[in-house]
Amino acid sequence: MKDLILDITGIFGPAGDEACVREYITEKVKDKATSISTDALGNLIVFIKGESSDKKVMFAAHMDSIGLMVTYIEDNGFLRFTTLGGISPATIANQKVIFKNGMIGIVAYEGKDCTAQGPMDKFYIDIGTFSKQESEELVNLGDTCVFYSPAVELANDCISSPYLDNRLSCAILIEALNSAKSFKYDTYCVFTTQEEVGLRGAKTAAFAIMPDVGIALDVTLTGDTIKPTRSMACKLGGGAAIKVKDSSLICSPRVKEMLVRLAKENNVPYQIEILEAGGTDTAAIQLTGAGIPAGCISVPTRYVHSMSETACLGDAESAQKLVELIMEQGADC
């Protein structure tokens, strides 16, 4: 799990350009899959034929990350940009970014230092050029970039990376899929696109599959830091987080109770998640068609949507175990 997380968090894949992540995951799961397909939005749909076709179970983990997109090139070569996903001005000033072609840039703020708080239209990217013509030879309007920072290991099996949201959940789903001893029902492991800009991939994938039960995998915030912004029961080291609610949905009580039951019966460490700000693919799945019972398994993560998202490997392993149990025993709720 650790090596997989370190690998997958280093792959370029902002919202709308997830191809490199999709190729990587395909190689990791192809031997276990009954079939693999990619839909019009770029979702990777991995199907595993179950012992019974009485029910379809869908798991969703989004491949995309937050990022920046070039919108304008100034005469002096600096790049203006828009954001892909929720990014705070406080997290990006004087940070390094990398484009798909390997070009490195620095995010800077007009006339201010690294304490800049915005507004976002006062930021620009410096790639070391001196003219618009020079910059246009290196980047194009619409090109995207992501934070440039390697994943690192901390104490107590904690890992920090800009892209635990949500490559961590992709790693969990890959490991669970490959480790599950059996699949009770037809299972669809969907690695979705464009979650950070509106849960778009999960919406179309769920519509195509029309599962009987949907389970999203994502990260969530914690309340275990010094003076957290919001009081929250989730903490690093407490186990997989079973979602009750976030700002995008209230999870199906039946699905939530099923997840709690499986965790208790199999001694899987878990905690309850109530997220006051933020949403996941769960909401898109839940509102598909006439409605689908949906729930979410989260991994508590500090400093989400920053250069230094931090999570505990043990919590990821608990989430993986819970996913495996659903695959093997069925999402009966």
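Coordinates for the structure precede this section.
Chemist: Account for the overall build of the protein, naming residues and giving values.
Modeler: Counting its regular elements, the protein contains 9 helices and 18 strands. Rg of the C-alpha trace for the protein: 20 Å, near the compact-globule value of 20 Å for 333 residues, within the 12% margin. Projected onto its principal axes, the C-alpha coordinates of the protein cover approximately 65 × 45 × 35 Å. Across the 333 residues in the protein, those meeting the buried criterion constitute 55%. As presented, the protein carries roughly 13,700 Å² of accessible surface, and 50% of it is formed by carbon and sulfur atoms. Taking the 30 positively charged and 43 negatively charged side chains of the protein as two groups, their mean positions are separated by 6 Å.

Chemist: Any details on the packing of helix α2 (residues 19-29) against helix α5 (residues 164-179)? Residues and values, ideally.
Modeler: Any two packed helices are characterised by the angle at which their axes cross and by the distance between the axes. Relative to each other, α2 and α5 sit at 20°, their axes nearing to 10 Å. Here α2 is positioned roughly parallel relative to α5, judged by the angle of their axes. In this structure, the crossing between α2 and α5 has a hand that is right-handed. Where α2 approaches α5, its residues V21, I25, K28 and V29 are matched on the opposing element by R167, C170, I174, L177 and N178. Residue composition of the contact of α2 with α5, by class: 6 nonpolar, 1 polar and 2 charged.

Chemist: Please give an account of the environment of V244 that cites residues and values.
Modeler: Along the chain, V244 turns up in strand β14 (residues 240-246). Judged by relative accessible area, V244 falls into the partly exposed class, the value being 25%. In sequence terms V244 and V255 are 11 residues apart; their C-alpha atoms lie 9.6 Å from each other. Not counting chain neighbours up to four residues away, the residues in contact with V244 comprise I250, C251, K256, I272, E273 and I274.

Chemist: Kindly report on the environment of C333, identifying the contributing residues and their values.
Modeler: Mapped onto the secondary structure, C333 falls in the segment after α9 (313-329). For C333 and K256, which are 77 residues apart along the polypeptide, the C-alpha to C-alpha distance reads 8.9 Å. Not counting the four nearest positions on each side in its chain, C333 is found in contact with K55, V213, R254, V255 and M258.

Chemist: Explain the nonpolar core to me, using residue names and the numbers behind them.
Modeler: Residues I25, F191, I215, I297, I326 and M327 are the most contacted members of the largest nonpolar core, which totals 57 residues. Among the elements that make up this core, the one with the highest residue count is α5 (9 residues). Once residues within four sequence positions are removed from consideration, M327 is found in contact with F59, L173, A176, L177, A180, S182, F183, K184 and C189. Residues L68, F81, A93 and I125 belong to the second largest nonpolar core, which totals 25 residues.

Chemist: I'd like to hear about the pairing of strand β2 (residues 44-48), residue by residue, with values.
Modeler: Within β2, 5 of the 5 residues are buried, leaving the element largely enclosed by the surrounding structure. With 5 bridges joining them, β2 and strand β12 (residues 185-192) adopt antiparallel strand pairing. The residue bridging V46 from the neighbouring strand is C189, located in β12.

Chemist: Explain the environment of C234 residue by residue, including any values.
Modeler: With respect to the helices and strands, the residue C234 is situated in the loop between β13 (213-220) and β14. On the basis of relative accessible area, C234 is assigned to the buried category, the value being 1%. In this structure the C-alpha to C-alpha distance between C234 and Y270, which are 36 residues apart in sequence, comes to 9.6 Å. Excluding residues that lie within four positions of it along the chain, C234 makes contacts with T220, L221, T222, G223, D224, A241, Q271, I272, E273 and P300.

Reading the values: the criteria
Residues numbered from 1 in each chain as written. Predicted model: local features only at pLDDT ≥ 70, side-chain atom pairs only at ≥ 80, totals over all residues. Heavy atoms only, no water. Helix = DSSP H or I, 4+ residues; strand = E, 2+ residues; numbered from the N terminus. Rg over C-alpha atoms; globule rule 2.2 N^0.38 Å. Buried < 20%, exposed > 50% of the residue type's maximum accessible area, 1.4 Å probe, protein only. Areas by Shrake-Rupley, 256 points an atom, 1.4 Å probe, with all protein chains shown as cover. Lys, Arg positive; Asp, Glu negative; His and termini not counted. Charge placed at Lys NZ, Arg CZ, Asp CG, Glu CD. Axes fitted to C-alpha atoms, helices over the stretch in contact; angles between N-to-C directions. Parallel < 35°, antiparallel > 145°, perpendicular 65-115°, else oblique. Left-handed = near helix turned anticlockwise from the far one by under 90°. Contact = heavy atoms within 4.5 Å. Nonpolar A, V, L, I, M, F, W, Y, C, P; charged D, E, K, R; others polar. Core = buried A, V, L, I, M, F, W, Y, C linked by side-chain atoms within 4.5 Å. Pairing = 2+ DSSP bridges.

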